[in-house]
Amino acid sequence: MDMSRLTWLLGEPVATGQLKANPEDFIVEEDLGFEPDGEGEHLLVRIRKNGCNTQFVAEQLARFAKVHPRDVSYAGLKDRHAVTEQWFCLHLPGKADPDLSQFDLEGCEVVRASRHRKKMRIGTLKGNAFTLVLRQISDIADVEARLEKITQQGVPNYFGTQRFGRGGNNLVQAKRWATNEARPKERAKRSFYLSASRSAMFNIVASQRLANGTVRQPMLGDALQLSGRGSWFVAKAEEFESLKPRVESGELLVTAPLPGDGPLGTLEDAEAFEQTCLHDQTDLLSLLKRERVEPARRAIMLQPLQMQWQRWDDVTLELKFWLPAGSYATSVVRELMNLDETDADITE
């Protein structure tokens, strides 16, 4: 997906710069939102890694602990080309803890380990804390001015480029599958292609709402989400006027669809708007329906929390913030500057 065609909240940045000039410039710390129980048949292992992808580390942990790979799980994928801390979950019923001091994998360090009662599954995390170093910034004053605005207004909650695969290949393959040119055999690839399809359509609708200036102005029939919550409700005529100030203040967030096998979730004006945005996506919409993907909604705007930054010099800035699970640090950086190279982060 061409991210340059999506609408910016603050207008296209004037500055250019580099993100991830080296892995240490992109640090991600996973936040489960809870502490391990200290007992149970699962062992949670927190690992700091650099130069290793999540699935590879999980496989090596399984081999080390002498368990089947399916007995090692994790909450989300993290980028290989970054310094990341995340939890892995080993199912060890009736077994002693392995001696993790002997776990030797280049680029990996065991930070801590503790027993837990429940299996950790994909999505079992609250969010991620990021520490980024932006380098070779051509206009650092403009970047700082944008950071001040983002602290107040947030950023568009776009899915990042890596959701669509290298060169957008996940979306290309989804379209081939949708038109029966090729059906992917591997379950994991089918999942990637379906996710790319609905993510692209979310981005399209979100971009159009930003373009017409209605992300803080509800339409009749909008699906609205209480800030910080996952559930949503439809803005109906009898309560519409009372909802307007709550949307304008950011207490309620306008959502866009993650389409599937079912209605979009909106009604009346909002439904008509979304259908118009997606009128040329019939093949992908049919694929999602055919595969019985469950429809969902996602807030269009994202508010980074705990934001702080400091200049290192006239062309370098360190930026820290926290994002909820499923959001992308590159969506924040996109509002700050145009990158010299294509960078990706995985924070699902």
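Residues numbered from 1 in each chain as written. Predicted model: local features only at pLDDT ≥ 70, side-chain atom pairs only at ≥ 80, totals over all residues. Heavy atoms only, no water.

1. Comments concerning the nonpolar core
Then comes step 1: With 42 residues, the main nonpolar core has Phe-164 and Leu-224 as its most contacted residues.
Then comes step 2: Contributing elements (two or more residues each) for this core: α3 (169–178), α4 (187–211), α5 (240–248), β11 (252–258), α6 (268–277) and α7 (282–290).
Then comes step 3: Of all hydrophobic cores here, the second largest spans 25 residues; its members include Ala-82, Ile-137, Phe-321 and Ala-329. (Core = buried A, V, L, I, M, F, W, Y, C linked by side-chain atoms within 4.5 Å. Buried < 20%, exposed > 50% of the residue type's maximum accessible area, 1.4 Å probe, protein only. Helix = DSSP H or I, 4+ residues; strand = E, 2+ residues; numbered from the N terminus.)

2. Concerning the layout of surface pockets
Then comes step 1: Estimates place the volume of the second largest pocket at around 630 Å³.
Then comes step 2: Lining the second largest pocket are 27 residues, and of these Gln-225, Gly-228, Leu-253, Leu-302 and Pro-324 lie nearest its centre.
Then comes step 3: Elements that contribute at least two residues to the lining of the second largest pocket include exactly α2 (140–153), β12 (296–299), β13 (301–302) and β15 (316–324).
Then comes step 4: With 3 residues, the top contributor of residues to the lining of the second largest pocket is β12.
Then comes step 5: By residue class, the composition of the lining of the second largest pocket is 8 nonpolar, 13 polar and 6 charged. (1 Å grid on protein atoms, 1.4 Å probe; cavity = no way out; pocket = protein on both sides within 12 Å on 5 of 7 lines; lining within 4 Å. Points joined across faces, edges and corners; volume = space filled by probe spheres on them. Nonpolar A, V, L, I, M, F, W, Y, C, P; charged D, E, K, R; others polar.)

3. Things to note about the pairing of strand β14 (residues 305–313)
Then comes step 1: Looking at chain direction, β14 and β15 are connected through 6 bridges and run antiparallel. The partner of Trp-309 across the bridge, within β15, is Leu-319. (Pairing = 2+ DSSP bridges.)

4. Digging into the UniProt feature "binding site: substrate" (unreviewed entry) in the chain
Then comes step 1: Cross-referencing UniProt, the feature "binding site: substrate" (unreviewed entry) maps to Phe-26 and Asn-128 in the present numbering. A maximum C-alpha distance of 12.2 Å places the annotated residues, which cover 103 residues in sequence, within one compact spot.
Then comes step 2: Tracing the sequence through the fold places Phe-26 in strand β2 (residues 26–31).
Then comes step 3: A relative accessible area of 1% means that Phe-26 is categorised as buried.
Then comes step 4: Here Asn-128 shows up in strand β7 (residues 127–135).
Then comes step 5: Within polar-contact distance, the side chain of Asn-128 engages the side chain of Lys-78 at 3.3 Å. (UniProt positions renumbered as here; feature names shortened; annotations may be inferred. Polar contact = N/O pair within 3.5 Å; in protein donor to acceptor, adjacent residues only side chain to side chain.)

5. What about the sheet that holds strand β9 (residues 223–226)?
Then comes step 1: The antiparallel open sheet is built from 4 strands, whose spatial order is β10-β9-β11-β12. Two strands in the sheet have a free side with no partner beyond their single neighbour: β10 (232–234) and β12. Each strand axis lies, on average, 45° off the axis of its neighbour in the sheet, ignoring direction.
Then comes step 2: Inspection of the sheet shows β9 paired to β11 by 3 bridges, in the antiparallel sense. Each residue of the ladder has a partner; that of Gln-225, found in β11, is Leu-253.
Then comes step 3: Where α4 meets the sheet, it contacts β11 and β12, and its direction lies at approximately 135° from that of β11. (Axes fitted to C-alpha atoms, helices over the stretch in contact; angles between N-to-C directions. Contact = heavy atoms within 4.5 Å.)

6. Description of unusual backbone geometry
Then comes step 1: Positive phi is not limited to glycine here, since Asn-180 has a value of about 65°.
Then comes step 2: The topology assignment puts Asn-180 in the loop between α3 and α4.
Then comes step 3: Overall, the relative accessible area of 62% leaves Asn-180 in the exposed class.
Then comes step 4: Positive phi is not limited to glycine here, since Glu-268 has a value of about 45°.
Then comes step 5: By secondary structure assignment, the location of Glu-268 is in helix α6.

7. Observations concerning the packing of aromatic side chains
The relation between two aromatic rings is expressed through the spacing of the ring centres and the mutual angle of the planes.
Then comes step 1: Applying the stated criterion across every chain, the model contains 6 aromatic pairs.
Then comes step 2: Between Phe-159 and Tyr-328 the ring centres are 6.0 Å apart and the planes differ by 65°, which places this aromatic pair in the edge-to-face class. Taken together, the positions of Phe-159 in the loop between β8 (155–156) and α3 and Tyr-328 in the loop between β15 and α8 (329–334) put the pair 169 residues apart, joining distant regions of the chain.
Then comes step 3: Assessed through its relative accessible area of 4%, Phe-159 is described here as buried.
Then comes step 4: We note Arg-209 situated over the ring of Phe-273; from NZ or CZ to the ring centre the distance is 5.7 Å.
Then comes step 5: Over the ring of Phe-159 we find Arg-298, and its NZ or CZ is 3.8 Å from the ring centre. (Phe/Tyr/Trp six-rings, centres within 6.5 Å; stacked < 30°, edge-to-face > 60°. Lys NZ or Arg CZ within 6 Å of the ring centre and 35° of its normal.)

8. Describing α2
Since there are 3.6 residues in each turn of an α-helix, residues three or four apart along the chain are aligned in direction.
Then comes step 1: Over its 14 residues, α2 runs 20 Å from end to end, which matches the ideal 20 Å to within 8%, given 1.5 Å per residue.
Then comes step 2: Along α2, the residues classified as buried are Ile-140, Val-143, Glu-144, Arg-146, Leu-147 and Ile-150. One side of α2 carries all its buried residues, which in axial view fall inside an arc of 160°.
Then comes step 3: Residues of α2 that are buried make contact with β8, β14, β15 and α8.
Then comes step 4: Residue Gly-154 follows α2 closely and has a positive phi angle near 80°. (Expected span 1.5 Å × (residues − 1). Arc of directions from axis to C-beta.)

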